[in-house]
Amino acid sequence: MDYAARLDQAIQGLHDEGRYRTFIDIERKQGHFPHAVWHAPDGTSRDITVWCGNDYLGMGQHPEVLAAMHEAIDATGAGSGGTRNISGTTVYHKALEAEIADLHGKEAALLFTSAYIANDATLSTLPKLFPGLVILSDELNHASMIQGIRHGNCEKHIWRHNDTAHLRELLESIEPGRPILIAFESIYSMDGDFGPIEEVCDLADEFGALTYIDEVHAVGMYGPRGGGVSERDNLAHRIDLINGTLAKAFGVMGGYVAASAKMVDAIRSFAPGFIFTTSLPPAIAAGATASIRHLKRDDTLRQQQQTNARILKMRLKGLGLPITDHGSHIVPVHVGNPVKCKMLSDMLLENYGIYVQPINFPTVPRGTERLRFTPSPVHTPDLLNQLVEAMDDLWRQCELNRADLSA
């Protein structure tokens, strides 16, 4: 077999479909978020504004976070020294897990190197802990949740997105006495819609099921202390396992699950994705702890971010652009064509200094390609004006459809 030719064929197929992913070489500048420097392929550099970052609140450059990381690295060095069970457990890891457990009102928490690994490792381990487990998964759950469920090799059923009537039908079809887990998200990042947390909890209570929620795009962003949508809605106590990330609103790196002490101990003891992975560097753990503590006591950044998101949605709607608005902080603008989506992204970067990546299949279904904007607390009115004017210009140039504002 000509392996090189097969690779060429696979990559060319992505180019032909208009969904080949291009990495943009950007350099963030400490103290100047959301501004950055783009190092273009031709060797030139220029200033740009980042509009698609997941450092939602700019905590990756917050002075308290940086100070904590500097202090930890000066005290302990760069790496953790090993897996958690060998030499990679430090006071920084324990402090962070305690901070996370407190954030979600749980007895314990367990750190992973990413939320993807946390989902994969936990969801693949639960079937070992509960033989005969049936997992019910929302059809739009994140790839990491899907992967974890697959790796668990247990019976699974997919319920239609946010359709609790369908979820009930599936629950009624399971023979009584079997262990059940309902897995879903609090915010689905591509459309920015919310999961029906209370309704799912009600069904879980009725059918004796465990609940597993992914709060990755909500932690730090919602609730009086940043505990996510489940905290905002006073429902965290009804969720058995909460997955979250330290790499988005908290601005650092890593993931976790928070649950009862027994549940965390079991996952810690049985999940290969935890047991055999080197732990996060102490400096990362220290920075995440500082970030969580800051956002627990100060919601100024959360409030300003929500304000900027509302303003951007309102102005884009005023232009007739097809945005999806479910009330969250995420602003998706639908294009519906992978080639035009990539073209818009390229033109925004090259002509306007605005960086937003195209979102194409398989992240979203074919025909729903979009640009996904994530306004931060420090995107100023001038930056908002520049973005709105650029989108108006390009929508006209590319002859894309607008809503009928006269109706």
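Above this note sits the structure.
Predicted model, so just to flag it, every value in this text is computed and none were measured.

S.K.: Please provide a residue-by-residue account of the pairing of strand 6 (residues 155–159), values included.
M.R.: The pairing of strand 5 (residues 134–138) with strand 6 spans 5 bridges and is classified as parallel. The partner of I135 across the bridge, within strand 6, is K156. Each parallel crossover has a hand, and for strand 5 linked through helix 5 (residues 143–152) to strand 6 it is right-handed.

S.K.: Summarise helix 2 (residues 63–76); cite the residues concerned and give the values.
M.R.: Taking 1.5 Å per residue as the helical rise, helix 2 with its 14 residues ought to reach 20 Å, and the 20 Å between its terminal C-alpha atoms agrees with that figure. Of the positions making up helix 2, those classed as buried are V65, A68 and A72. Along the axis of helix 2, the buried positions cluster into a sector of 70 degrees, meaning they face one direction only. Away from the buried face of helix 2 by more than 90 degrees, exposed residues P63, H70, E71 and D74 are located. Against helix 3 (91–104) and helix 11 (282–297) lie the buried residues of helix 2. Downstream of helix 2 by one or two residues, G77 has phi in the positive range, about 95 degrees.

S.K.: With reference to specific residues and values, describe the sheet that holds strand 11 (residues 241–245).
M.R.: Spatially, the 7 strands line up as an open sheet ordered 4-12-11-10-7-5-6, and their pairing is mixed. On the outer flanks of this sheet lie strand 4 (108–112) and strand 6, each paired with one strand and no other. Neighbour-to-neighbour, the strand axes of this sheet turn through a mean angle of 20 degrees, independent of strand direction. In this sheet, strand 10 (residues 210–214) lies alongside strand 7 (residues 180–185) in parallel orientation, the contact comprising 5 bridges. Across the sheet, the residue bridging to A183 is Y212, located in strand 10. Packed onto the sheet, helix 6 (residues 164–173) meets strand 5, strand 6 and strand 7 and runs at close to 155 degrees relative to strand 6.

S.K.: How would you explain the pattern of salt bridges if you had to name every residue and give the values?
M.R.: If the charged atoms of two oppositely charged side chains come close together, the side chains can form a pair. Tallying each qualifying case throughout the model produces 27 salt bridges. Its salt-bridge partner being E17, residue R19 comes within 2.7 Å of it at the nearest N-O pair. Owing to a relative accessible area of 15%, R19 belongs among the buried residues under this scheme.

S.K.: Before we move on, can you summarise the sheet that holds strand 15 (residues 358–359) with the specific residues and values?
M.R.: Strand order in this open sheet of 3 strands is 13-16-15, and the pairing throughout is antiparallel. What marks the edges here is a single partner per strand, and that holds for strand 13 (331–334) and strand 15. Two strands pair when backbone bridges link them, and strand 13 and strand 16 (residues 370–373) are joined in this way by 4 bridges, in the antiparallel orientation. In the strand pairing of strand 16, V331 is matched with F373. Seen against the sheet, helix 12 (residues 300–318) touches strand 13 and strand 16 and runs at an angle of roughly 20 degrees to strand 13. Packing against the sheet, helix 13 (residues 338–352) makes contact with strand 15 and strand 16, and its axis sits at approximately 45 degrees to strand 16.

S.K.: Please set out the pairing of strand 12 (residues 255–259) residue by residue, giving values where relevant.
M.R.: With respect to burial, strand 12 is a largely interior element, 5 of its 5 residues being buried. On strand 12, burial covers both faces: G255, V257 and A259 on one face and Y256 and A258 on the other are all buried. Inspection of the sheet shows strand 4 paired to strand 12 by 5 bridges, in the antiparallel sense. Counted as the bridge partner of F112 is G255 from strand 12. When strand 11 meets strand 12, the two strands line up antiparallel, connected through 4 bridges. Residue pairing for strand 12: T245 is matched across the bridge by G255.

Rules used throughout
Every chain's residues receive numbers from 1 upward, in the order its sequence appears when written. Local features in a predicted model are, by the rule used here, given only for residues with pLDDT of at least 70; side-chain atom pairs are given and counted only at 80 or more, and totals for whole chains, interfaces and linings are based on all residues. Think of the side-chain values as coming from all heavy atoms in the structure, minus any hydrogens and water. Here, strands pair whenever DSSP counts at least two bridges between them. Runs of E in the DSSP output that reach at least two residues are strands. Runs of H or I that reach at least four are helices, and both are numbered from the N terminus. When the strands point away from the viewer, a crossover counts as right-handed if the path from the first strand over the helix to the second runs clockwise. By this rule, a helix spans an expected 1.5 Å times one less than how many residues it contains. Burial classification: accessible surface area is computed with a 1.4 Å probe over protein chains only, and a residue below 20% of its type maximum counts as buried, one above 50% as exposed, and the rest as partly exposed. Each direction from the helix axis to a C-beta atom contributes to the arc, which is the arc of those directions. In this description, contact between two residues means that some pair of their heavy atoms is separated by no more than 4.5 Å. Between N-to-C directions, angles cover 0 to 180 degrees, with each direction set by a line fitted to C-alpha atoms, over the stretch in contact for helices. Salt bridges are counted wherever a side-chain nitrogen of Lys or Arg sits within 4 Å of a carboxyl oxygen of Asp or Glu.

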